[in-house]
Amino acid sequence: MHYFLYRGSELYCEDLPISRIAEEVKTPFYLYSHQTLTRHFRVFDEAFEDLPHLICFAVKANANLAILKLFAREGSGFDVVSGGELYRALRAGADPQKIVYAGVGKTPEEIRDALQAGILMFNVESPQELKAIEEVAASLGTQARVALRVNPDVDPQTHPYISTGLKKNKFGFDIRSALQEYRVARQLPHLEIVGIHIHIGSQIVEIAPFRDAFDRVISFIADLKREGIAIRYLDLGGGLGIPYKDEEPPTPKDLAQALSSVASSLDCTFVLEPGRVIVGNAGILVTRVLYHKSTPEKHFLIVDAGMNDLIRPSLYGSYHGIQPVIRKGDKGDSQPSSIIADVVGPICESGDFLAKDRRLPEAAPGELLAVMTAGAYGFTMSSNYNARPRVAEVLVKGSEYRVIRQRETYADLVRGEKIPEW
Ligand code: LLP
């Protein structure tokens, strides 16, 4: 459910024709719908209303300050994985008491900043990290709240690059040795054990891997209890998938039901770290066709957005729907002819594509295309490759829009660079 819909032949974002924004902002740009973002957050939150819970939006999915602010106003906390994400969340007005901090490579400086900010807890990923947090907390004369991220060894049946809960992955403590690590953590005077964390992967479209992981972590919590270690926060991570094409993922309600059927008697707060499911289809990438080129083999639509702007198709082979912003064939026009084309960007790599062998209405130079479902891991994974300034981000609310991140300039590209005098 989202608010990018055609009115007649024109694709709108809420009450605004996208072509009008494109005229003013130029292309390419990311475009987000306020109403979609709000709705998704609320639907997710309401799904868990019968359980004590805290939603910590995964900042890595979309880190724009305006969007983080919108979620903070809705009562969201944040899952961060770097000092930079912590900074962003705090800048957006996050309540530090609702921030959880994961990631396998936290530096002492990052740990210090998070402790000083007073975050809810660190999701700790290794024995050495436990010691590092202990040392920083000791140096500050404070106690650090920690959860151990355990790796439940379930297969989320998603792309290998984004599955994280298998024992061959780099994340967390192996569930078979985690009890011993909790015993160690308990001995460290500047640590307070408050929770346990799992996150098994992303774009998961079946409920079974979640159920398996819940079962394993709940039986592990019983083991901890027998040792006298009480868990106040059970952090279940993110991972719920969304339809990019024809997937039919479980709903937030399905996830909540799977959880409450096994965990409602646990005396703890459930932390959830959704990213993609909240922002994924609340954002699109708007791009303009530059050229149409045909070879004996193929048609290519060359557009002004490339893999540096949206890397998911190149990196994971991900599918993103592509729709014309102005549709032909309405108002009794003859049906537009279609072509099968690769939609490619200007980057000097064959891997630079947004779609392969896609049937699309013929699009002439200057026409606008909407690359759908690009609100998660779109802008946040963009880069300056080929010295391309990163694109603008725009937020629509009703019939108004605001540029929430300016397009970078060439001067931005070289900011901070210095040529040595020799
Ligand atoms: N919590 C932790 C600890 C995570 O590592 C992640 C995502 C999330 C929560 C949020 O997961 P979500 O609800 O969005 O599935 N760049 C990839 C996705 C990488 C996900 C990394 N971790 C992509 O574009 O598909």
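Residues numbered from 1 in each chain as written. Predicted model: local features only at pLDDT ≥ 70, side-chain atom pairs only at ≥ 80, totals over all residues. Heavy atoms only, no water.

Caption draft 1: Examining the domain arrangement of the chain more closely. Looking at the chain, the domain boundaries give domain 1 (4-32 + 280-414) and domain 2 (95-274). On a C-alpha basis, the centres of domain 1 and domain 2 stand 36 Å from each other. Between domain 1 and domain 2 the total buried area reaches about 750 Å² when both faces are included, carbon and sulfur atoms providing 66% of it. Broken down residue by residue, the surface that domain 1 buries against domain 2 is led by Y316, Y319 and T373, which jointly contribute 61%. Taken together, the links from domain 1 to domain 2 amount to zero residue pairs in polar contact (both at pLDDT 80 or more). A breakdown of the residues in the side of domain 1 that touches domain 2 according to their chemical character gives four nonpolar, five polar and one charged. (Domains from an automatic or database assignment. Buried area = accessible area lost by both parts, 1.4 Å probe. Polar contact = N/O pair within 3.5 Å; in protein donor to acceptor, adjacent residues only side chain to side chain. Nonpolar A, V, L, I, M, F, W, Y, C, P; charged D, E, K, R; others polar.)

Caption draft 2: Helix α1 (residues 18-25), seen in detail. For α1, the full list of buried residues reads I18, S19, I21, A22 and V25. Within α1, the buried residues cover an arc of 160° as seen down the axis, which keeps them to one side. Once α1 ends, the next one or two residues include K26, with phi positive near 70°. (Buried < 20%, exposed > 50% of the residue type's maximum accessible area, 1.4 Å probe, protein only. Helix = DSSP H or I, 4+ residues; strand = E, 2+ residues; numbered from the N terminus. Arc of directions from axis to C-beta.)

Caption draft 3: Here's a closer look at the site of the ligand. The environment of the ligand is made up of 19 residues, and the closest members are S202, E273, R312, Y316 and Y377. In the environment of the ligand, an oxygen atom lies 2.9 Å from a nitrogen or oxygen atom belonging to the backbone of G239. Considered on its own, the ligand offers 590 Å² of accessible surface; in the complex 92% of this is hidden by protein. Residues that form the shell around the ligand fall into these classes: six nonpolar, seven polar and six charged. For the shell around the ligand, the two domains that each supply at least three residues are domain 1 (4-32 + 280-414) and domain 2 (95-274). (Near = heavy atom within 4 Å. Areas by Shrake-Rupley, 256 points an atom, 1.4 Å probe, with all protein chains shown as cover.)

Caption draft 4: How the structure looks around the environment of A22. For A22, the location among the structural elements is in helix α1. Along the primary structure A22 and D50 are separated by 28 residues, whereas in three dimensions their C-alpha atoms are 43 Å apart. Excluding anything up to four places from it in sequence, A22 contacts T27, F29, R288 and L368. (Contact = heavy atoms within 4.5 Å.)

Caption draft 5: Quick look at the packing of helix α2 (residues 34-47) against helix α9 (residues 252-263). Where α2 contacts α9, the two axes come as close as 8 Å, and the packing angle between them is 20°. Comparing the axis directions of α2 and α9 gives the class roughly parallel. As α2 runs across α9, the sense of the crossing is right-handed. Mapping the contact onto sequence places V43, F44, E46 and A47 in α2 and P252, K253, L255 and A256 in α9. Classifying every residue of the contact of α2 with α9 gives six nonpolar, no polar and two charged. (Axes fitted to C-alpha atoms, helices over the stretch in contact; angles between N-to-C directions. Parallel < 35°, antiparallel > 145°, perpendicular 65-115°, else oblique. Left-handed = near helix turned anticlockwise from the far one by under 90°.)

Caption draft 6: Looking closely at the sheet that holds strand β1 (residues 4-7). Here we have three strands laid out as an open sheet, ordered β1-β2-β3, and antiparallel in their pairing. Among the strands making up the open sheet, the edge pair consists of β1 and β3 (16-17). In terms of strand pairing, strand β2 (residues 10-13) meets β3 through two bridges, oriented antiparallel. Residue pairing across strands places Y12 opposite P17, the latter belonging to β3. (Pairing = 2+ DSSP bridges.)

Caption draft 7: Representation of the environment of Y3 in the model. With respect to the secondary-structure elements, Y3 resides in the segment before β1. Sequence separation between Y3 and L240 is 237 residues, and the spatial gap between their C-alpha atoms is 20 Å. Sequence-distant contacts of Y3, that is, excluding residues within four places in its chain, are made with Y12, C13, E14, S33, Q35, T36 and R39.

Caption draft 8: Here's a closer look at the packing of aromatic side chains. Applying the stated criterion to the full structure yields eight aromatic pairs. Here a set of aromatic residues connected by ring pairs shows up, and it is made of Y30, Y32 and F379. The side chain of R327 reaches across the aromatic face of Y6, ending 3.9 Å from its centre. Taking NZ or CZ as reference, K356 lies 4.6 Å from the ring centre of F353, over its face. (Phe/Tyr/Trp six-rings, centres within 6.5 Å; stacked < 30°, edge-to-face > 60°. Lys NZ or Arg CZ within 6 Å of the ring centre and 35° of its normal.)

Caption draft 9: Main features of the side chain of D309. By the element assignment, D309 lies in the loop between β15 (299-303) and α11 (312-316). Of note is the side chain of D309, whose polar atom sits 2.8 Å from the side chain of R388. Residues in contact with D309, not counting those within four places in the same chain, are P28, Y30, L285, D304, G378, S382, R388 and V391.

Caption draft 10: Fine view of the environment of E421. Mapped onto the fold, E421 is located in the segment after α12 (410-414). The exposure class assigned to E421 is exposed, which follows from its relative accessible area of 76%. Residues E421 and V325, 96 residues apart in the sequence, show an inter-C-alpha distance of 50 Å.

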